[in-house]
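Structure at a glance
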Amino acid sequence: QVQLVESGGGLVQPGGSLTLSCVASGSIFSLYTMGWYRQVPGKQRELVAFITSAGNTHYADSMKGQFSISINNAGNTVYLRMNRLQREDTAVYYCNARIGDPAGLDYDYWGQGTQVTVSS
């Protein structure tokens, strides 16, 4: 079993910044990527960014330059630095990890989500 635990969400004023963290633990044979998605009520979950175990990053086009994803040296904690937050960034942010098993199969795991609210 793999667990993803997010932290760092909360209320922030427009123009402010937040950093989300997500720690992966459990039976991790091979971690391919860790990333962040977000979802607002009535809409599909959308990719924010992901990072590979080698440190290569990918961002949704609309979030390039505003968000920054990073991973710790141990490769089990991913961070999302969010700058210049606006009301439209309000959402539940979910951590995702794609993990491989000894049989060569890979699986997606999700955290429980952390609420980010941008409001004055």
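Above this text you will find the structure in question.
Treat the numbers as computed from the prediction; the structure is a model and nothing was measured. (Residues numbered from 1 in each chain as written. Predicted model: local features only at pLDDT ≥ 70, side-chain atom pairs only at ≥ 80, totals over all residues. Heavy atoms only, no water.)

Grouped together as the largest cluster of nonpolar side chains are 29 residues, with contacts concentrated most on Met34, Trp36, Leu80, Met82 and Tyr93. Looking at this core, the elements with two or more residues in it are β1 (2-7), β3 (18-26), β4 (30-39), β5 (46-52), β7 (67-71), β8 (77-82), β9 (91-100) and β11 (114-118). Top contributing element to this core by residue count: β9, with 5 residues. Leaving out residues up to four positions away in the same chain, Met82 has contacts with Gly16, Ser17, Leu18, Leu20, Gln66, Phe67, Tyr93 and Val116. (Core = buried A, V, L, I, M, F, W, Y, C linked by side-chain atoms within 4.5 Å. Buried < 20%, exposed > 50% of the residue type's maximum accessible area, 1.4 Å probe, protein only. Helix = DSSP H or I, 4+ residues; strand = E, 2+ residues; numbered from the N terminus. Contact = heavy atoms within 4.5 Å.)

Applying the stated criterion across every chain yields a total of 5 salt bridges. Where Asp61 meets Lys64, a salt bridge forms, and the shortest distance between an N and an O atom there is 3.3 Å. In this structure, Asp61 and Lys64 share a single accessibility class: exposed. Between Asp106 and Arg98 there is a salt bridge, with its nearest N and O atoms 3.7 Å apart. Exposure remark for Asp106: the relative accessible area of 40% places this residue in the partly exposed category. Here the residues in one salt-bridge network are Arg38, Glu46 and Asp89, joined through shared partners. (Salt bridge = Lys/Arg side-chain N within 4 Å of Asp/Glu carboxyl O.)

On to the packing of aromatic side chains. Two aromatic rings, taken as a pair, are described by how far apart their centres are and by the angle between their planes. In the structure shown here, the tally under the stated rule is 1 aromatic pair. Measuring from ring centre to ring centre gives 5.0 Å for Tyr37 and Trp110, while their planes differ by 70 degrees; the resulting arrangement is edge-to-face. In this pair, Tyr37 is assigned in strand β4 and Trp110 in strand β10 (residues 106-110), connecting sequence segments 73 residues apart. For Trp110, a relative accessible area of 37% gives the class partly exposed. Above the plane of the ring of Tyr94 lies Arg45, whose end atom (NZ or CZ) is 3.7 Å from the centre. Over the ring of Trp110 we find Arg45; its NZ or CZ atom is 4.7 Å from the centre of that ring. (Phe/Tyr/Trp six-rings, centres within 6.5 Å; stacked < 30°, edge-to-face > 60°. Lys NZ or Arg CZ within 6 Å of the ring centre and 35° of its normal.)

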